[in-house]
Amino acid sequence: MTKTIRSVAVYFAVMIFFIMSLVGWFSGCSPATCCNRAFTGAVITYLAVSWAGRVVLKIMLDALISNRARKAAGKDST
């Protein structure tokens, strides 16, 4: 599951890199400025998507474990 989160994070980071570089280029920024801003945006996007993916995965696993524990204890009415 960690590989999936990492691949999604890389996908979004690359997408943001190219979008930000194109926007900077069409705005008339120098190539170095476009590259620096796009790289910074890609790094921030990668970190944010990785963190959010891990949080969602942890929430889902905790819910699954608590559900299985409730069923094993016989407290689930269904």
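Up top is the structure.
This section reports on the structure supplied with the text. Everything numeric in this text was worked out from a predicted model, so none of it was measured. Residue numbers run consecutively from 1 along every chain, following the written order of its sequence. Under the rules for a predicted model, residues below a pLDDT of 70 receive no local features and side-chain atom pairs below 80 are neither given nor counted, while totals for whole chains, interfaces and linings still include all residues. Values shown for side chains rest on all heavy atoms present in the structure; no hydrogens or waters enter the calculation.

## What to know about the overall build of the protein chain
Thought 1: The helix count covers DSSP runs of H or I at least four residues long, the strand count covers runs of E at least two residues long, and both are numbered beginning at the N terminus. When helices and strands are counted, the protein chain shows two helices and zero strands.
Thought 2: If you line up the protein chain on its principal axes, its C-alpha atoms span 65 × 20 × 15 Å.
Thought 3: We call a residue buried when its accessible area falls under 20% of the maximum for its residue type, exposed when it is over 50%, and partly exposed in between, using a 1.4 Å probe and counting protein chains only. Taken over 78 residues, the protein chain has a buried fraction of 17%.
Thought 4: Sequence-distant contacts in the protein chain: of pairs separated by 6 or more residues, those separated by 24 or more amount to 62%.
Thought 5: Where accessible areas are quoted, they stem from the Shrake-Rupley method and a 1.4 Å probe; at the residue level, only the protein chains shown are allowed to cover. For the protein chain, the computed accessible surface area is about 6100 Å², with 72% contributed by carbon and sulfur atoms. Whether two residues touch is decided by their heavy atoms; if any such pair falls within 4.5 Å, the residues are in contact.

## Comments concerning the packing of aromatic side chains
Thought 1: Here a Phe, Tyr or Trp ring, Trp counted by its six-membered ring, pairs with any other such ring whose centre lies within 6.5 Å, and the pair is stacked when the planes are under 30 degrees apart, edge-to-face when over 60, and tilted otherwise. Using the criterion set out here, one finds three aromatic pairs in the structure.
Thought 2: Between Tyr11 and Phe12, the aromatic rings sit 5.6 Å apart at their centres with planes inclined by 75°, giving edge-to-face as the arrangement.
Thought 3: Tyr11 sits in the exposed class, given a relative accessible area of 54%.
Thought 4: In this structure Phe12 comes out as partly exposed when scored by relative accessible area, which is 33%.
Thought 5: Between the aromatic rings of Trp25 and Phe26, the centroid separation amounts to 5.2 Å while the plane-to-plane angle is 35°, which identifies the pairing as tilted. For the pair Trp25 and Phe26, one class covers both residues: exposed.

## A closer look at the state of the cysteines
Thought 1: Cysteine sulfur atoms that come within 2.5 Å of each other are treated as a disulfide pair. Per the counting criterion, the structure on display carries zero disulfides.
Thought 2: Cys34 carries a free sulfur, and the closest cysteine sulfur to it, the one in Cys29, is 5.0 Å from it.
Thought 3: On the basis of relative accessibility, which here comes to 7%, the residue Cys34 falls in the buried class.
Thought 4: In this structure Cys35 is a free cysteine whose sulfur lies 8.6 Å from that of Cys34, the closest cysteine sulfur available.

## Re a nonpolar patch on the surface
Thought 1: To count toward a patch, a residue needs a relative accessible area above 30% and no salt bridge. Like charges then connect within 9 Å, nonpolar side chains (Val, Leu, Ile, Met, Phe, Trp, Tyr) within 5 Å. Salt bridge, as applied in this entry: a Lys or Arg side-chain nitrogen positioned within 4 Å of an Asp or Glu carboxyl oxygen. There is a patch of nonpolar side chains on the surface, built from Val8, Tyr11, Phe12, Met15, Ile19 and Val23 and spanning about 530 Å² of accessible area.
Thought 2: Along the chain, the position of Val8 falls in helix α1 (residues 2-26).

## Observations regarding the side chain of Ser21
Thought 1: With respect to the helices, strands and loops of the structure, Ser21 is situated in helix α1.
Thought 2: In this view, Ser21 contacts Cys34 and Ala38; residues no more than four positions away in its chain are not counted.

## Remarks on the packing of α1 against helix α2 (residues 31-73)
The description of two packed helices rests on the angle between their axes and on the distance between the axes.
Thought 1: To obtain each axis, a line is fitted to C-alpha atoms, and for helices this fit is confined to the stretch in contact; angles are then taken between N-to-C directions over 0 to 180 degrees. Put simply, α1 and α2 touch, their axes get as near as 8 Å, and they point 150° apart. By the angle between their directions, the pair α1 and α2 is classed as roughly antiparallel. Judged by the twist between their axes, the crossing of α1 over α2 is right-handed.
Thought 2: Along the lines of polarity and charge, the residues of the contact of α1 with α2 split into 18 nonpolar, six polar and three charged. Small angles under 35 degrees read as roughly parallel and large ones over 145 as roughly antiparallel, with 65 to 115 read as roughly perpendicular and the rest as oblique. Helix crossings are classified by the rotation of the near helix relative to the far one: an anticlockwise turn of less than a right angle makes the crossing left-handed, while a clockwise turn makes it right-handed. All residues other than Ala, Val, Leu, Ile, Met, Phe, Trp, Tyr, Cys, Pro, Asp, Glu, Lys and Arg, Gly among them, are scored as polar; the first ten of these are nonpolar and the last four charged.

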